[in-house]
Amino acid sequence: MLLREVEYARPSSVDEAIRLLAANEGARALAGGQTLVNVMKARAASPDVLVDLNSLDELREISVSGETLQLGAMATYTRIMASSEVDVSRPILAEVAAQIADVQVRNRGTIGGNICSNDPTNHLPPLLVALGASMTIRGADGERTVAANEFFLGVYMTAVGEGELLLSVSVPAAANAADGFASVTIGRDGTCIANAAASLAGGAARVVLGCVDAVPILLEPAGTDEESIRQAVAAASLEPPSDVHASAEYRRHLAGVCAVRAVQQATERGR
Amino acid sequence: MSQPSLSRSIAVEVNGEVYEREVDARRLLVHFIRDDLDLTGTHVGCDTGNCGACTIHLDGQAVKSCMVLAVQADGSKLRTVEGLAPSDDQLSPLQQSFSAHHALQCGYCTPGMLMSASALLEQNPRPTEEEARKAIQGNICRCTGYVNIVEAIVSTGASA
């Protein structure tokens with residue numbers, strides 16, 4: 001397919017990438033391209049300039065320092081799945097990365113691209129809110145850190161502003177954390193119709209629903225038993241979208257099912 | 001600072017041969033391979049990143065070449081289905097196994113299937129049936145079903 005004409009630059013440093021994004025109107029960062037290239041084919045996005053981040057190896061690093069696991073924005077799903085740092089500090093990230101699409105997409109697709117595209121059906125936005133992650137963003141004025149539950153602003157919209165770049169995602173390291181994730185998908189490992197992530201600590205649950213609103217919906221149920229989870233989902237008065245895969249009513253039902261399953265998985269992991 | 005441009009001169013190694021070309025930034029890698037290099041074994045099926053017929057190896061990893069820009073491949077090593085057979089009159093063990101197991105009918109998906117399967121076998125020379133199925137999850141076949149394809153992959157590993 002022929003894309004609309006577009007300019008391309010491949011910066012060799014993060015600062016250069018930020019300068020290019022700020023200096024060119026209609027510029028957009030190109031990470032793995034597994035969403036962006038396809039929406040460009042459909043003309044759903046028409047950037048004038050693509051700033052390719054693929055030469056920025058410093059954005060691919062995954063490291064643990066102290067109590068924090070830091071994932072570079074350009075870390076691919078395949079790299080997250082194979083990372084010993086992820087395995088010892090927050091293994092749910094590797095488990096969920098392994099459920100995204102297929103081998104070819106996982107080889108190119110990145111954590112930064114997943115969350116910056118903020119498609120409501122994506123896996124990682126609800127998961128990162130449940131884990132209490134934070135995102136480091138750099139622009140011309142320097143760096144700032146945004147909590148995951150303030151990062152997602154709307155469909156395809158995040159706290160990363162024009163001329164800014166997401167550098168990394170930080171997650172509290174906890175090898176034996178009681179984390180869970182559940183989804184109902186179109187085919188195995190396909191697009192999510194409903195999904196939910198859960199993280200339990202000190203008898204309290206953080207349950208986050210995807211696919212039901214423009215942004216992940218954080219619930220803090222009274223307890224971790226099934227009844228409490230179902231009550232919290234009901235109290236959220238969800239108004240999910242209807243589409244060919246699920247009516248609003250069915251998707252609301254699935255949100256409850258996924259929430260319960262995610263908490264059950266988290267409970268088993270925490271034992 | 002590198003300046004954005006509508007086209008770029010790139011050098012890529014494809015199946016061991018180096019090609020240098022000027023390409024538009026908007027050109028998809030699959031069209032570069034098929035139309036500029038005349039390597040038409042790599043197919044375009046859906047053009048939306050779903051079917052996997054355009055799968056190639058980019059620096060050793062299976063990728064869908066309709067979701068990569070040609071300019072992004074600058075400096076990379078590519079392998080396409082034409083690079084699998086050791087010579088013009090000899091098939092690779094995986095290709096022989098596809099033939100022996102009747103793992104294709106119309107053949108349209110076959111280049112992508114072979115590239116996904118060969119990427120698997122390079123990392124995991126003796127895959128299980130489950131691992132073979134996972135490896136071709138991103139490749140769609142609309143005629144034979146997947147049974148013979150999976151058998152062909154697993155038996156290539158078993159006889160390696």
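This is a predicted model, so every value here is computed, not measured. (Residues numbered from 1 in each chain as written. Chains lettered and ligands numbered in written order. Predicted model: local features only at pLDDT ≥ 70, side-chain atom pairs only at ≥ 80, totals over all residues.)

**Student:** Could you clarify how one ought to interpret the overall build of chain A in this entry?
**Tutor:** On a plain count of helices and strands, chain A comes out with eleven helices and 14 strands. Here the C-alpha atoms of chain A give a radius of gyration of 18 Å, agreeing with the 18 Å that 2.2 N^0.38 yields for 271 residues. With respect to the principal axes defined by its C-alpha atoms, chain A has extents near 55 × 45 × 35 Å. (Helix = DSSP H or I, 4+ residues; strand = E, 2+ residues; numbered from the N terminus. Rg over C-alpha atoms; globule rule 2.2 N^0.38 Å.)

**Student:** It is not clear to me how the overall build of chain B should be interpreted in this structure. Could you clarify?
**Tutor:** Secondary structure summary: chain B contains five helices and five strands in total. Secondary structure of chain B in N-to-C order comes out as β-β-α-β-β-β-α-α-α-α. Each principal axis of the C-alpha distribution contributes one length, and for chain B these read about 50 × 30 × 25 Å. Counted over contacts in chain B with a minimum sequence separation of 6, partners at least 24 positions apart contribute 56%. (Contact = placed C-beta atoms within 7 Å.)

**Student:** Teacher, can you tell me more about the sheet that holds strand β11 (residues 178-185) of chain A here?
**Tutor:** Adjacent strands of a sheet pair through backbone hydrogen bonds, lying either parallel or antiparallel. Residues and elements named next belong to chain A. Ordered in space as β11-β12-β13-β14, the four strands form an open sheet in which the pairing is antiparallel. If you trace the sheet from one side to the other, it starts and ends with β11 and β14 (217-219), each paired once. This sheet shows a mean twist of 15° between the axes of neighbouring strands, independent of strand direction. Bridge count between strand β12 (residues 192-201) and strand β13 (residues 204-210): seven bridges; the pairing is antiparallel. (Pairing = 2+ DSSP bridges. Axes fitted to C-alpha atoms, helices over the stretch in contact; angles between N-to-C directions.)

**Student:** Could you clarify how one ought to interpret the interface of chain A and chain B in this entry?
**Tutor:** Accessible area lost upon the coming together of the parts serves often as the stated size of an interface. Opposite the 32 residues of chain A that make contact, chain B presents 28 residues. Taken together, the elements giving at least two residues each to the side of chain A that touches chain B come down to β1 (7-9), α1 (14-23), α2 (36-41), β3 (49-52) and α6 (103-108) of chain A. Per element, the largest residue contribution to the side of chain A that touches chain B is five residues, and it comes from α6(A). Across the side of chain A that touches chain B, the residue classes tally to 14 nonpolar, seven polar and eleven charged. (Nonpolar A, V, L, I, M, F, W, Y, C, P; charged D, E, K, R; others polar.)

**Student:** I keep staring at helix α5 (residues 147-158) of chain B and nothing clicks. Help me out?
**Tutor:** Helical periodicity: at 3.6 residues per turn, an α-helix aligns residues three or four positions apart in one direction. Taking 1.5 Å of rise per residue, twelve residues should cover 16 Å, and α5(B) covers 16 Å from first to last C-alpha, within 8% of that figure. The inward-facing, buried residues of α5(B) abut α2 (93-100), α3 (110-123) and α4 (129-135) of chain B. (Expected span 1.5 Å × (residues − 1).)

**Student:** Would you explain the pairing of strand β1 (residues 7-14) of chain B in this entry?
**Tutor:** Remember that side chains alternate between the two faces of the sheet whenever the strand is regular. Residue and element names in this part refer to chain B. Every second residue of β1 is oriented toward a common face, the buried set being Arg 8, Ile 10, Val 12 and Val 14 and the non-buried set Ser 7, Ser 9, Ala 11 and Glu 13. Pairing geometry for β1 and strand β2 (residues 17-24), over eight bridges, is antiparallel. Paired with Ala 11 across the two strands is Glu 20, which belongs to β2. Taken together, β1 and the strand that follows it, β2, pair antiparallel across an intervening segment of two residues, in which Asn 15 is found at a positive phi of about 50°. (Buried ≥ 20, exposed ≤ 12 C-beta atoms within 10 Å, placed from the backbone.)

**Student:** Can you help me understand the confidence of the model for chain B in this one?
**Tutor:** When pLDDT is low, close inspection of the predicted coordinates is not appropriate. This prediction gives chain B a mean pLDDT of 96; 99% of its residues lie at or above 70. Interface predicted TM-score (ipTM) for the complex: 0.97; the corresponding pTM is 0.97. (pLDDT = per-residue confidence, 0-100.)

**Student:** How should I be thinking about the packing of helix α10 (residues 226-235) of chain A against helix α11 (residues 248-270) of chain A in this particular structure?
**Tutor:** Packed helix pairs are characterised by how far apart their axes lie and by the angle those axes make with each other. Residue and element names in this part refer to chain A. In contact at an axis separation of 9 Å, α10 and α11 are set at 140° when each is read in the N-to-C sense. Helix-helix and strand crossings are classified by hand; for α10 and α11 the assignment is right-handed. From α10, Glu 226, Ile 229, Arg 230 and Val 233 reach across to α11, where they touch Ala 255, Gly 256, Ala 259, Val 260 and Val 263. Across the contact of α10 with α11, the residue classes tally to six nonpolar, one polar and two charged. (Left-handed = near helix turned anticlockwise from the far one by under 90°.)

**Student:** Would you mind showing me how to read the packing of α2(B) against α3(B) here?
**Tutor:** All names here are of chain B. Orientation of α2 relative to α3, taken along the N-to-C sense of each, is 130°, at an axis distance of 10 Å. When the interaxial angle is binned, α2 and α3 end up oblique. Regarding α2 and α3, the two cross each other, and that crossing is right-handed. On the side of α2, the interface is formed by Leu 94, Gln 95 and Phe 98, while α3 contributes Thr 110, Leu 114, Ala 117, Ser 118 and Leu 121. (Parallel < 35°, antiparallel > 145°, perpendicular 65-115°, else oblique.)

**Student:** Hey, could you run me through the sheet that holds strand β6 (residues 134-139) of chain A in this one?
**Tutor:** Residue and element names in this part refer to chain A. With respect to topology, five strands assemble into an open sheet ordered β4-β5-β10-β6-β7, the strand pairing being antiparallel. Two strands bound the open sheet, and with one partner strand each, they are β4 (62-65) and β7 (142-147). Looking at each pair of strands side by side, their axes are set apart by 25° on average, direction ignored. Across four bridges, β4 lies against strand β5 (residues 68-72) in antiparallel orientation. Along β5, the bridge assignment pairs Ser 63 with Gln 70. The strands touched by α1 within the sheet are β6 and β10 (165-172), with β10 carrying the most contacts at an inclination of about 125°.

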